[in-house]
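# Topology and contacts: notes
Residue strings, one per chain:
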Amino acid sequence: MPHRYEWYILPLVIILFIIHFHYYDFYTTNFRDIKNFIDPHAPEGLYRQIQRQNPYWELYEQSVNYQGSNNAIYLVFTDQRTPDYTTTYYTGKKTNISELVIMTNYFFYPRVVPTISFKQFKNITLQPHDLIIADINLNAYIPASQSGLIRLPASVKKQHVMVNKKFEDPYYLFVKGEL
Amino acid sequence: MSDTLILIIMSLGLYSTGILLYSVLIGPFWKKHDVLITLPVSWVLGNGFWMLILLGLAGSNLLSLITVDRVLAISAILTLTALFFVLRMMRMVPLLIIALTVFILWPVIEHASHSYLIEWDAIAMWFLKAKSWYLSSGMHDNTLYTSSRYLYSERSHAIGVPLMISVFYRSIGHVNDQIAQLYLVQYYVLLTIALLGFLKKRSTTSLSWFSLWPLVLFFMISPTYIRFAASGYLDITIALVIACVTGLWLTLYATADRKESLRLALLTIVVGATACFIKNEGTVVTGLAGLATLAVYLFKYRRLTSWEWVGLITAGVYAVLGIALWRYIQQTYGIAIYLGQNIQAATMLARIKPILFHYLDTLYNTSGFGMGLVVLFIVMITTITISVMRRTWHHLTAYGIPLILLLSYTGVYLITPLNFSLQLTSSFERLVLQLIPALILSTGYVLRNLTPPQHDLAN
């Protein structure tokens with residue numbers, strides 16, 4: 001039992017705990033919502049179901065599809081966003097960095113996906129089934145009939161956004177069509 | 001076998017390694033075994049021991065020796081051996097406290113196992129490295145350490161946790177971020193348990209569970225802790241090591257028995273050794289654990305026997321081994337440390353003011369820490385003021401470890417060649433996260449020594 005002098009601070013401690021628990025409860029409700037989208041018995045398996053909720057799910061899916069493939073993969077990175085912590089932190093090393101670069105490197109590892117500018121992209125010759133990851137909609141700049149790029153549609157609408165998570169930067173996936 | 005079951009067996013192996021090391025250092029039949037302290041300390045010890053082995057395997061390109069059969073066999077043998085010691089530590093009340101704590105924190109544990117990996121720092125720094133170690137047999141064929149493409153992942157950072165995660169991946173046969181998050185969330189739960197255990201000790205507080213349990217949970221369920229517990233960051237990982245080192249060091253400070261003090265001193269140094277495998281700043285924690293322990297021991301006993309020197313030096317060598325091995329690997333494979341550039345003295349002086357103001361601004365970060373930081377700061381300042389007015393300066397020694405760590409972080413901000421203001425604003429919140437548990441323990445200790453003993457209060 002609490003010591004008789006401990007009773008003096010006990011109400012304060014309990015009120016402080018309740019205030020924090022109120023916010024904690026807000027988070028746990030969100031966590032429950034996230035979990036409810038996952039069916040542990042679904043044939044697809046838990047890991048892929050969780051990845052399906054990832055804003056970069058299409059990128060993950062292509063990294064699985066292109067595993068061991070000889071087709072070229074390029075990341076067209078123009079970085080037209082306002083510079084922030086993620087873009088400027090490594091500028092001293094002249095390394096372009098953004099969430100899209102990080103996620104591409106992570107999912108495709110150990111394959112090194114070359115990062116190229118839009119100007120470089122215009123000068124390369126693509127083969128059928130080559131994959132292009134871009135931070136801009138390339139078809140808006142070069143018509144699809146001219147470039148032969150087929151945009152891969154976003155396969156699933158994301159079911160939830162995590163608490164305190166900003167929305168991901170837009171990204172686009174293209175596959176070079178058959179000649 | 002499911003991924004989660006393999007994780008459980010391997011985690012039991014890590015706990016068991018720690019329990020065996022703990023039993024060697026403290027003595028298996030020690031009457032004061034407390035599961036609330038033994039469990040987190042053993043976890044830190046077990047992880048540190050295996051991270052050292054893994055670092056050696058990575059440096060000598062022998063990671064391919066790790067197979068699921070070997071991992072499960074070693075884990076099973078260790079668990080069965082440690083079972084005898086575990087059963088002796090079981091007490092009903094601490095077990096109930098653990099069960100209640102896990103019940104409250106269960107949503108965070110579930111979230112770790114059901115949420116995708118998205119925090120860019122966790123991916124760039126730790127999970128990419130874990131994947132690279134899973135796909136390579138050692139340093140010589142690790143693409144991450146040979147291609148300039150991955151320079152942003154700061155290759156000089158400690159690799160203990162990525163190596164440990166890569167062992168999980170090798171055992172389950174594929175990459176699974178959620179299994180890694182489930183491994184990391186254990187540090188968060190154990191940090192809460194460690195705080196409860198160390199604060200319950202008579203030398204730290206005289207509070208009953210009725211106040212202590214809500215008080216600790218009040219600090220640990222703040223939004224920042226929840227976010228960093230389940231998203232792949234390693235700040236809570238190192239916070240557990242800092243808290244254990246501080247808790248053991250304070251216990252050593254308060255222990256009168258010389259034999260017991262030696263055991264606690266050895267344990268503090270060996271527990272501190274784990275920090276250098278987790279993050280770069282962990283090297284300071286490892287060094288500080290050794291030096292602070294030696295300082296207290298020399299202060300208490302002045303002249304040490306030759307056996308005491310042998311024990312302390314052996315523990316010190318174990319602590320330095322991890323730092324030396326990683327430094328040797330870095331030099332062998334030409335991994336540069338990014339803090340190596342020179343910064344002018346005038347630039348450093350100009351940084352002092354914004355650093356101090358940012359530290360004070362952090363107290364207003366109620367969206368991250370809730371009211372925890374403000375409450376802790378008020379109690380800390382009160383204890384310091386009372387100690388100064390009563391001229392009981394020696395009580396303030398208890399703040400030694402967190403204060404020196406804060407000073408070392410300040411030193412890094414002063415000399416960093418990276419964008420100073422961006423690094424300060426983006427990293428200080430996480431450094432506070434690392435120090436809060438240690439500050440709670442230190443404040444508890446000072447407060448306990450400022451208030452009359454319980455038998456006096458009763459009169």
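Residues numbered from 1 in each chain as written. Chains lettered and ligands numbered in written order. Predicted model: local features only at pLDDT ≥ 70, side-chain atom pairs only at ≥ 80, totals over all residues.

## Digging into the overall build of chain B
- When helices and strands are counted, chain B shows 19 helices and 0 strands.
- In terms of overall dimensions, chain B is globule-like: its C-alpha atoms have a radius of gyration of 22 Å, near the 23 Å expected for 459 residues.
- Seen through its principal axes, chain B has C-alpha atoms that stretch 70 × 60 × 50 Å.
- Out of the 459 residues belonging to chain B, those deemed buried represent 50%.
- Restricting to contacts in chain B with at least 6 residues of sequence separation, those with at least 24 account for 84%. (Helix = DSSP H or I, 4+ residues; strand = E, 2+ residues; numbered from the N terminus. Rg over C-alpha atoms; globule rule 2.2 N^0.38 Å. Buried ≥ 20, exposed ≤ 12 C-beta atoms within 10 Å, placed from the backbone. Contact = placed C-beta atoms within 7 Å.)

## Considerations on the UniProt feature "transmembrane region" (unreviewed entry) in chain A
- Within this structure's numbering, the places UniProt gives as "transmembrane region" (unreviewed entry) are residues 7–24 of chain A.
- Counting secondary structure, residues 7–24 of chain A comes out at 83% helix and 0% strand; the distance between its end C-alpha atoms is 25 Å. (UniProt positions renumbered as here; feature names shortened; annotations may be inferred.)

## Examining the interface of chain A and chain B
- Contacts between chain A and chain B engage 46 residues on the former and 46 residues on the latter.
- No other element matches helix H1 (residues 10–36) of chain A, which puts 15 residues into the side of chain A that touches chain B.
- The class makeup of the residues in the side of chain A that touches chain B is 29 nonpolar, 12 polar and 5 charged. (Nonpolar A, V, L, I, M, F, W, Y, C, P; charged D, E, K, R; others polar.)

## Some words on helix H4 (residues 92–114) of chain B
- With 23 residues, H4(B) extends 32 Å from end C-alpha to end C-alpha; this agrees with the ideal 33 Å at 1.5 Å per step.
- By the largest-angle criterion, Leu105(B) marks the main kink of H4(B), which is about 55°, and a proline, Pro107(B), follows within four residues.
- Residues of H4(B) that are buried: Pro94(B), Ile97(B), Thr101(B), Leu105(B), Pro107(B), Val108(B), His111(B), Ala112(B), Ser113(B) and His114(B).
- Buried-residue contacts for H4(B) involve H1 and helix H2 (46–52) of chain A together with helix H2 (35–59), helix H7 (177–200), helix H8 (209–220) and helix H9 (223–229) of chain B. (Expected span 1.5 Å × (residues − 1). Bend = angle between axes of the 7 residues up to and from the residue.)

## Details of the pairing of strand E3 (residues 131–134) of chain A
Residue and element names in this part refer to chain A.
- Every second residue of E3 is oriented toward a common face, with Leu-131 and Ile-133 on one face and Ile-132 and Ala-134 on the other, all of them buried.
- Where strand E1 (residues 73–76) lies against E3, 4 bridges are found, and the strand directions are parallel. Of the residues in E3, the one forming a bridge with Tyr-74 is Ile-132.
- When E3 meets strand E5 (residues 172–176), the two strands line up antiparallel, connected through 4 bridges. Bridged to Ala-134 within E5 is Tyr-172. (Pairing = 2+ DSSP bridges.)

## A few points about the packing of H2(B) against helix H6 (residues 160–172) of chain B
Residue and element names in this part refer to chain B.
- Where H2 contacts H6, the axes come no closer than 9 Å and their chain directions differ by 85°. One element, H2, and the other, H6, form an angle in the roughly perpendicular class. On H6, the residues that touch Asn-47, Trp-50, Met-51, Leu-54, Leu-55 and Ala-58 of H2 are Gly-160, Leu-163, Met-164 and Val-167.
- Here the residues of the contact of H2 with H6 are counted per class, giving 8 nonpolar, 2 polar and no charged. (Axes fitted to C-alpha atoms, helices over the stretch in contact; angles between N-to-C directions. Parallel < 35°, antiparallel > 145°, perpendicular 65-115°, else oblique.)

## Some details on the pairing of E1(A)
- Here E1(A) runs beside strand E2 (residues 115–116) of chain A; their pairing, made up of 2 bridges, is parallel. Counterpart to Val76(A) in the pairing with E2(A) is Ile116(A).

## Observations regarding the sheet that holds E3(A)
- Reading across from one edge, E2-E1-E3-E5-E4 (chain A) is the order of the 5 strands in this open sheet, with mixed pairing throughout. The outermost strands of the open sheet, each flanked by one partner alone, are E2 and strand E4 (149–151) of chain A.

## Looking at the nonpolar core
All names here are of chain B.
- Membership of the largest hydrophobic core comes to 173 residues, with the highest contact counts inside it found for Leu-240, Val-241 and Val-271.
- Broken down by element, the residue count for this core peaks at 17 residues, all from H7.
- Filtering out sequence-adjacent residues up to four positions away, Val-241 remains in contact with Val-44, Val-271, Thr-274, Ala-275, Ile-278 and Val-285. (Core = buried A, V, L, I, M, F, W, Y, C linked by C-beta atoms within 7 Å.)

## Concerning unusual backbone geometry
- Here the bond from Tyr109(A) into Pro110(A) is cis, since omega is 10°, no more than 30 degrees from zero.
- Inspection of the secondary structure assignment puts Pro110(A) in the loop between helix H5 (99–108) and E2.
- We note that Asn61(B) has phi near 55°; this positive angle belongs to a residue other than glycine.
- Turning to its location among the elements, Asn61(B) is positioned in the loop between H2 and helix H3 (68–89).
- Residue Arg302(B) is not a glycine yet carries a positive backbone phi of 55°.
- Looking at the secondary structure, you find Arg302(B) in the loop between helix H12 (282–301) and helix H13 (306–332).

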